[in-house]
Amino acid sequence: MSSRRTFLAGIGAAAVGSLLPTDRLVRLAEAFAPPLYPPIDLSYFETPVSPAPADLKFGYAAITWGGQDLQAIEDIAAVGFPGIQLRSNVLKEFGERPAALREILAKHRLTMVALSSGGVNIDPAAEARVIDEHARNARFVHDAGGLYLQVTDQRPNDRAVDAADMRRLGKLLTEIGKRTADVGVPLGYHNHMNNLGEKPEEVDRILDAADPRYVRLELDVAHYQQGGGDPVAAIRKYAGRHLFFHLKDVESPRPDKADDPKSYRWVELGRGRVDVPGVLAAIDGIKFRGWVIVELDAVPDKSRTPKACAENNKKYLEDHGYRKNLHSH
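Everything numeric here is computed off the predicted structure, so don't read it as measured data.

**Some remarks on the pairing of strand β7 (residues 242-247)**
Burial within β7 is extensive, with six of its six residues counted as buried. Of the strand pairs in this sheet, strand β6 (residues 215-220) and β7 are connected by four bridges, and their pairing is parallel. Each bridged residue has a counterpart across the sheet, and for L217 the counterpart in β7 is H242. As defined by bridge partners, β7 adjoins strand β10 (residues 289-294) across three bridges and the pair is classed as parallel. What sits directly across from F245, in β10, is V292.

**Examining the pairing of β10**
Most of β10 sits out of view: five of its six residues are buried. Pairing geometry for strand β1 (residues 55-61) and β10, over six bridges, is parallel. Each bridged residue has a counterpart across the sheet, and for F58 the counterpart in β10 is V292.

**Observations regarding the layout of surface pockets**
Within this model, the largest pocket holds a volume of roughly 250 Å³. Of all elements in the fold, only β2 (83-87), β3 (111-120) and β4 (148-153) reach the threshold of two or more residues within the lining of the largest pocket. A per-class count over the lining of the largest pocket returns four nonpolar, 12 polar and four charged.

**Here we look at the packing of aromatic side chains**
Two measures describe an aromatic ring pair: the distance that separates the ring centres and the angle between the ring planes. Within the structure shown, the criterion is met by six aromatic pairs. Both rings, one in Y60 and one in W65, keep their centres 6.0 Å apart while their planes meet at 80°; by these two values the pair is edge-to-face. Judged by its relative accessible area of 0%, Y60 is buried. With centroids separated by 4.9 Å and ring planes inclined at 80°, the aromatic side chains of F245 and F288 adopt a geometry described as edge-to-face. Placement of the pair is F245 in strand β7 and F288 in the loop between α11 (276-285) and β10, with a sequence separation of 43 residues. Taking relative accessible area as the criterion, F245 reaches 1% and is therefore assigned buried. Residue F288 is classed as buried on the basis of its relative accessible area, which comes to 8%. These aromatic residues form a ring-pair network of at least three members: Y60, W65 and F81. Taking the ring centre of W266 as reference, the NZ or CZ of K248 above it sits at 4.3 Å.

**So, the environment of F288**
C-alpha separation for the pair F288 and G240, spaced 48 residues apart in sequence, amounts to 8.3 Å. If near-sequence neighbours (up to four positions away) are discounted, F288 is found in contact with A54, D55, L56, H242, L243, F244, F245 and I283.

**Topic: the packing of helix α5 (residues 98-107) against helix α6 (residues 127-143)**
The interhelical angle for the contact between α5 and α6, taken along N-to-C directions, is 45°, at an axis separation of 8 Å. When the interaxial angle is binned, α5 and α6 end up oblique. Of the two elements, α5 crosses α6, and the hand of that crossing is right-handed. Along the contact surface, α5 presents P98, A99, L101 and R102, while α6 presents F140, H142 and D143. Of the residues assigned to the contact of α5 with α6, the class counts are four nonpolar, one polar and two charged.

**Thoughts on the pattern of salt bridges**
Enumeration according to the criterion identifies 21 salt bridges in this entry. Taking the shortest distance from any N to any O, the salt bridge between R168 and E127 comes out at 2.7 Å. With R168 in helix α7 (residues 163-182) and E127 in helix α6, this pair connects stretches of sequence that are 41 residues apart. On the basis of relative accessibility, which here comes to 24%, the residue R168 falls in the partly exposed class. Connected through shared salt-bridge partners, D220, K248, E295 and D297 make up one network.

Criteria and thresholds
- Residues numbered from 1 in each chain as written.
- Predicted model: local features only at pLDDT ≥ 70, side-chain atom pairs only at ≥ 80, totals over all residues.
- Heavy atoms only, no water.
- Buried < 20%, exposed > 50% of the residue type's maximum accessible area, 1.4 Å probe, protein only.
- Helix = DSSP H or I, 4+ residues; strand = E, 2+ residues; numbered from the N terminus.
- Pairing = 2+ DSSP bridges.
- 1 Å grid on protein atoms, 1.4 Å probe; cavity = no way out; pocket = protein on both sides within 12 Å on 5 of 7 lines; lining within 4 Å.
- Points joined across faces, edges and corners; volume = space filled by probe spheres on them.
- Nonpolar A, V, L, I, M, F, W, Y, C, P; charged D, E, K, R; others polar.
- Phe/Tyr/Trp six-rings, centres within 6.5 Å; stacked < 30°, edge-to-face > 60°.
- Lys NZ or Arg CZ within 6 Å of the ring centre and 35° of its normal.
- Contact = heavy atoms within 4.5 Å.
- Axes fitted to C-alpha atoms, helices over the stretch in contact; angles between N-to-C directions.
- Parallel < 35°, antiparallel > 145°, perpendicular 65-115°, else oblique.
- Left-handed = near helix turned anticlockwise from the far one by under 90°.
- Salt bridge = Lys/Arg side-chain N within 4 Å of Asp/Glu carboxyl O.

As structure tokens, this is what we get:
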């Protein structure tokens, strides 16, 4: 640095007796002077950084067992799913002792991915109670070692629904999400048939009204399909806002109600109208890193058990290239 300053000072002195202005001589000197630092190869930064690859983990929902949660835990672990989603009925036994549930899940090497916390009532008179209820459930999730809280909503049955209802639900979800975030439990909104968020445009309005910092989407692909939407398109549309997914299939119309085009029932993967391979490819395509919960609300064929249905769903995933995302005990 000192030699460079000496060099430039000499040029400046020379300019006194020169016909060239000093600033021009300085520019000339800087053009030919040795660099202060060695040249740096910046070609590395010309290559875009690729997004991390998708990293899917599959869990299973205990709803198929109809409230027999301990049996569900046994069976889901035995089938080989690493995660489980429980419903709020589990609070009857473990609400005051979440550590006991945490120990049972750890024994079976199961992650409690989410608790289904029930519907959000948009009645203004119930607002404080609703917020407190779901905040309390989020605390239980935290204490039981779980990850997420899932909520649906309650569609008013005594009047028509309007856009104001969607906005109110979005704001109420935001308030609940703020409370669940206080205990480190993110909130996911579950689109659902016969709820405010049944049709694609209704889901849009609710999410638009909810703060994305506190309310994520827990997309149920079969409910979205039955509600008139394209779940593959929804996965791409909401990329970045997904918390986790419900992977399920729907048969419509029901075999026992073939004359009713609006009838439907939930079935094992690959048996219904949902493009399950397309759904999985779309989830991979958005580089999603997180949980996909396989859900079957009830056994569609009474000759099978909930465990047998879970085994069928696991085989479907294995046959479609997702064996590495599952584990055996």
